[in-house]
Amino acid sequence: MHNRVVLEIPSLPEHVSLARLLVAQMAAQLRFTVAEVEEIKVAVSEAVTNAIVHGYQGRGDGVVRLEVSLHPGELEVEVIDQGCGMADLELARQPAYSTDPDRMGLGFIFMENFMDHLEVRSEPGRGTRVRMRKRTGTCGPVTTGGQ
């Protein structure tokens, strides 16, 4: 099984909920618990919000690309922006670090704790790509009815 959906949204805060809905719908096709789906939604919200707030610095003229793929027993989510990028990834991933004083700086902590794999690539002036994966407790898609 391989199912992939791509969504491009304007870099506006009100579109974070679209990303959450998409990933929840995709995750529902695998054997995730309700609690795991909620964790996935939080991780995606953090990644998309980071792209909007930090990557595009709150400008609504950018595009955040969300790529969601289902593999046997695993959900993969990529959040991609073409924003300002990060010069120091190690610093950006430190707890409580934020370029915005009104933010707590816990986004990467949530992503790391709620997902099984987190990979971040960023280049100043070129944007950021966040890849996250979450495995289910069992292998294979959820089946509904039929024999």
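Conventions and cut-offs
- Residues numbered from 1 in each chain as written.
- Predicted model: local features only at pLDDT ≥ 70, side-chain atom pairs only at ≥ 80, totals over all residues.
- Heavy atoms only, no water.
- Phe/Tyr/Trp six-rings, centres within 6.5 Å; stacked < 30°, edge-to-face > 60°.
- Helix = DSSP H or I, 4+ residues; strand = E, 2+ residues; numbered from the N terminus.
- Expected span 1.5 Å × (residues − 1).
- Buried < 20%, exposed > 50% of the residue type's maximum accessible area, 1.4 Å probe, protein only.
- Contact = heavy atoms within 4.5 Å.
- Core = buried A, V, L, I, M, F, W, Y, C linked by side-chain atoms within 4.5 Å.
- Pairing = 2+ DSSP bridges.
- Axes fitted to C-alpha atoms, helices over the stretch in contact; angles between N-to-C directions.

A. Quick peek at the packing of aromatic side chains. Per the stated rule, a full pass over the model turns up one aromatic pair. Summarising the aromatic geometry, the rings of F110 and F114 are spaced 5.8 Å apart at their centres and angled 20° between planes, so their arrangement reads as stacked. Pair noted here: F110 and F114 are both in helix α4 (residues 107–114), with a separation of four residues, about one helical turn.

B. Examining helix α1 (residues 16–27) more closely. With 12 residues, α1 extends 17 Å between its outermost C-alpha atoms, agreeing within 8% with the 16 Å of an ideal straight helix rising 1.5 Å per residue. Listing the buried residues of α1 in full gives V16, A19, L22, V23, A24, M26 and A27. Among the structural elements, β1 (3–10), α2 (34–55), β2 (63–71) and β3 (74–81) are those in contact with the buried residues of α1.

C. Local environment of the nonpolar core. Counting 33 residues, the largest nonpolar core has V44, V48, L66, L75, V77 and M132 as its most contacted members. Secondary-structure elements contributing two or more residues to this core are α1, α2, β2, β3, α4, β4 (117–123) and β5 (127–135). No other element matches α2, which puts eight residues into this core. If we ignore the near neighbours within four places in the chain, the residues touching V48 are I9, V16, A19, V64, L66 and V79.

D. The arrangement of the sheet that holds β1 in detail. What the five strands build is an open sheet, ordered β1-β2-β3-β5-β4; its pairing is antiparallel. If you trace the sheet from one side to the other, it starts and ends with β1 and β4, each paired once. If you compare each strand with its neighbour and ignore which way they point, the axes differ by 10° on average. Where α4 meets the sheet, its contacts fall on β4 and β5, and the angle it forms with β4 comes to roughly 145°.

E. Up close: the pairing of β5. Relative to β5, β3 runs antiparallel, the two sharing eight bridges. Looking at the pairing, D81 lines up with T128 of β5. In this structure, β4 lies alongside β5, joined through seven bridges in antiparallel fashion. Along β5, the bridge assignment pairs H117 with R133.

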